[in-house]
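One letter stands for each residue in the lines below.
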Amino acid sequence: MVSILIHPRGITSLFLQVNGISFTKPQKRWRIAVISVHIVLSISKQSHFKASKSDSIDVASPAHNPRIVLDIDPAHDANHGKLIEIVRNKNLSELQSYGGTPAVTELLRTNLQKGVYGDEEDLRRRKAKFGSNTYPKPKPKGIIHFVLEASWDATILILLVCATLSLAFGIAEHGAREGWYEGGSIFLAVFLVVVVSAASNFRQDRQFHKLSKISDEIRIEVIRNNVRKKVSIYDVVVGDIVVLKIGDQVPTDGLFIDGHSLQVDESSMTGESDHMEVNSSLNPFLLSGSKIVDGYARMVVVSVAMDTAWGQMMSSISRKSVEQTPLQERLSKLTSFIKKVGLTVASTVFIVMMIRYFNRNTRDQNGDLEFNGVHRGFRDVFSSVLRIVSVTLIAIPEALPLAVTLILTYSMKRMMADQAMVRKLSACETMGSATVICTDKTGTLTLNEMKIAKFFIGLEEILQSSYKIISKDLVELLHKGIALNTTGSAHKLKPESPAEYFGSPTEKAVLSWGVENLVIDMDAVKQQHTILQVETFISEKKQSGVLIRNNVDNSVHVHWKGATEMILSSCSYFFEPTGEIKIMTDEKKSQLENIIQGMAATSLRCIAFAYKKIEYEECNTSENGEGKAPRMDHEDLTLLGIVGMKDPCRPHARKAIKACKDAGVAIKMVTGDNAFTAKAIAIECGILENDRHVVPGEVIEGIEFRNYTNEERMLKINDIRVLARSSPLDKLLMVQFLKKAGHVVAVTGDGTNDAPALKEADVGLSMGIQGTEVAKESSDIIILDDDFSTVATALRWGRCVYNNIHKFIQFQLTVNVAALVINFIAAVSSGKEPLTAVQLLWVNLIIDTLGALALAIERPTNELMHNPLVGRTASLITNTMWRNILTQAFYQIAILLILHFSGRRIFEVNQQVNNTLIFNTFVLCQIFNEFNSRSIEKHNVFKGIHKNKLFLSIIVITVILQIMMVEFLANFANTVRLNIVQWCICVGIAAFTWPLGWAVKYIPVRNS
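**What about the overall build of the protein?**
Moving on, step 1. A tally of helices and strands in the protein yields 37 helices and 26 strands.
Moving on, step 2. Here the protein, with 1008 residues, has 52% of them falling under the buried criterion.
Moving on, step 3. Taking contacts inside the protein between residues at least 6 apart in sequence as the whole, the part at least 24 apart equals 73%.
Moving on, step 4. Just so you have it, the protein exposes about 46400 Å², and 57% of that area is on carbon and sulfur atoms.

**Focus: the pattern of salt bridges**
Moving on, step 1. One pass over the structure, following the stated rule, counts 26 salt bridges.
Moving on, step 2. Asp122 is the salt-bridge partner of Arg126, the closest N and O atoms lying 3.1 Å from each other. Here Asp122 and Arg126 lie together in helix α6 (residues 120-130), a separation of four residues that amounts to about one turn. Take Arg126 and Asp122: they sit in the same class, and that class is buried.
Moving on, step 3. Here Asp418 makes a salt bridge to Arg859, at a shortest N to O gap of 3.9 Å. In this pair, Asp418 sits in the loop between α15 (399-417) and β8 (420-422) while Arg859 sits in the loop between α31 (837-856) and α32 (879-907), placing the two residues 441 residues apart along the sequence.

**Regarding the confidence of the model for the protein**
Moving on, step 1. Here the protein averages 80 in pLDDT, and 80% of its residues register 70 or above.
Moving on, step 2. For the stretch residues 316-322, pLDDT sits under 50, and the model shows nine contacts to residues farther than four places along the chain or on other chains.
Moving on, step 3. Scored below 50 in pLDDT, residues 621-627 shows eight contacts in the model against residues more than four places distant or in partner chains.

**Digging into unusual backbone geometry**
Backbone geometry follows two general trends: most residues other than glycine have a negative phi, and most peptide bonds adopt the trans configuration.
Moving on, step 1. One non-glycine residue with positive phi stands out, namely Asn226, at about 70°.
Moving on, step 2. Tracing the backbone through its elements, the reader meets Asn226 in the loop between β1 (219-224) and β2 (227-232).

**A look at helix α17 (residues 472-483)**
Moving on, step 1. Here α17 contains 12 residues, and its C-alpha end-to-end distance of 16 Å stays within 8% of the 16 Å for a straight helix at 1.5 Å per residue.
Moving on, step 2. Counting buried positions over the 12 residues of α17 gives nine, a clear majority of the element.
Moving on, step 3. Inspection of α17 places Leu474, Val475, Leu477, Leu478, His479, Lys480, Gly481, Ile482 and Ala483 among the buried residues, and these make up the whole buried set.
Moving on, step 4. By the N-cap criterion, in which a side-chain oxygen at the helix start approaches the backbone nitrogen of a residue two or three places on, α17 is capped by Ser471, the distance to Asp473 being 3.4 Å.

Reading guide: rules and limits
- Residues numbered from 1 in each chain as written.
- Predicted model: local features only at pLDDT ≥ 70, side-chain atom pairs only at ≥ 80, totals over all residues.
- Heavy atoms only, no water.
- Helix = DSSP H or I, 4+ residues; strand = E, 2+ residues; numbered from the N terminus.
- Buried < 20%, exposed > 50% of the residue type's maximum accessible area, 1.4 Å probe, protein only.
- Contact = heavy atoms within 4.5 Å.
- Areas by Shrake-Rupley, 256 points an atom, 1.4 Å probe, with all protein chains shown as cover.
- Salt bridge = Lys/Arg side-chain N within 4 Å of Asp/Glu carboxyl O.
- pLDDT = per-residue confidence, 0-100.
- Expected span 1.5 Å × (residues − 1).
- Polar contact = N/O pair within 3.5 Å; in protein donor to acceptor, adjacent residues only side chain to side chain.

Here is the structure:
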């Protein structure tokens, strides 16, 4: 309903007309009263419209008169809520009853061609009225949740019970002033462990949510104020005109405006795998979360966020932030095995000690028998249980899961800074095991900055200075083939400003060349023609076509553009620059093929243009797409011309490929270009040597690979270096057979059709710039800058993850083996352990935790790329690691047992000082051994240490804490103060681990 504004002059004329007729006075009064009421009602209604501007769907756009206010009459249910239901339920009859998509765009105050106004105020009002395109997600878990989670660990609960009993017995036996030391010490140690573990898990969870938010960030192309621009999916508003193409995700619920051959995958919403065709007549509905699998279109946004079915579904789903990687699962099994060993040893110690105790072979500090028949046995039994717990604890590598979490979290964060965003945690470790990388060419090895370098018409090369000699008719045909057979666009903000191009790099290169060199008026060409049907470009066809009708003479043409061999095989004629059409003989075709091969050999990507005039009767179609499908003829085409596009290699691609090859990783290029172009780029990037060293079978085309038998494929799969003219199915086939051959395969991809290969690969790497949303969702890592050097960086980080985990396992197991054996031998032989429960907790839970942090943050080095390949099933503990572990552990065992049995006599000290010497020496051995663990095989463990300031800081902090433990927390740690000579003895014994570690690395060991 449109309200009418009545001008004051109109009111005066009404009164004059009333006064100009001879009525009786009562009649005049009634007439004046009726007119007055009518005027008052009109004014009040106008006031109501103005007042309701902010509440009604009234957001001005350039196409509307701001003085006209569209009134939505609730009586006819033509309101926004109803529209949401119509689109969500795909109710075509109700939509048509309201006038279809044009009426909806009018209702939403948007323009079909220009979109919304799009200034800050316009967007603010739309978001305020309809909401922003975001939906509430479950809040990240707080620190309290992780504290409680860490507290429910079985080991922690056992320690808490022991601490409680120890506290009770201690206070009962020694009083509150001194009896709390042992129990309180255990409580404090448990508190520190819980806090450190909770803080680590909390940080990892926050990091996960942060990365999830980044990975959910999708860029959408919209039209606002007649300008195409890319915006975040979160900034899309109701009324926006969204441009959709293959691989895009539909950002909101909306309605189809126009487009061609649009097919969507709604399996994420409906579970149906069949693709749905979308058009203006039968199915104009587009639902958020769907994927565009073919064609292109424009849609108007009807509802966003929680008003869409996808938003309601996603708001109830929380991502699983706790993800157990394969490596973590293997480490869990290792930890479980070590726990069983520790429990067995502890049980043996308990049995032996009970036998000694009841046989009266154990004495207290005063030399009296501990068991004398008096019923004080519960306290003694508890002390033995506490010893068992301490022996068991020292066998449990508590810091191992923490170390893995720290290493993976740190690596994810640093990889993000290096332009590699990890979507799946397991990809960090799997990438380090990669033996083959299958990479795309365009955009990954090259800059993806296409420029037309050569142009041929027939057999003649047309230089830029010679464009004027081209026939006018031929130029017009090229104008149509370039301007109409494209998914890109060209816009000028001002007539005098340069054109701005949108679309894929190939489309932008062709459009810019056509506009700037062939002087195409894009808008004029589009206005003069009607597009009847479109076949969009997909990798299998390697060509795109458009069927058009001239609006002036009704002539119908089909234009094709694509790979030269595809187009050339369909051509029966070709144009010469003069406009003369000649027959495509075998000789002429051979000459053209030689021209194409010459351009391809210089790394040029060749594209051909062709057309055919179709009789009007052959078309047999209507504009709205109803009736018989139009005929897109592929036969007897006339070649218009061939262009060669240059896409230079990335500056660092050759260096990155060499680094991967030096690391033992094979690089295979899989591309849609012809064999000559692919070979030239492969040589330029370093995948192949020069022409003289290319072995037959290293460069093949997809059709040849496809026609191999399975046995031939398995036989030749390792020799293939370049797969040219390949389809996405060829890439998938290559990945499957490489995996069958025992390789760990990483694959790069950017297209929708690359999704199967990305999922099949051990590590899928999608492109962050040119990659479609389907490809990104199918991948494990997103390469944010589309650069192959970032793929090499991800490989280095993957190897660094394994290397750091191996370092910490070596460090951790040395502590566990030494402490377990020392306490076992001492307990069985003398009935006394040299290390108390509190001291063992200090070593196992505090020193190891800091050690995990120190070794987790080692950054990757170039030397890692020269290490042997690490398979997925390789042992977590290598023979080299066992050599280092056993050497250091046996040294510590020997020294500490000597101190335990003979230390009092050697150093002439009492038992308390001797026990403190044992504890201090043991801890200092671990600190010195942290340096040895920095390198498992290299002799120089100090290389690059000055760059790792965090490692040095942790060492300093650990030393300070140990000094405090010995010198100032005697009651807490059951120690006594040491003099300077005794400190030097401890340091000297511990420092011997350095020359020992250096010497033992000369002992050769087998790799397996």
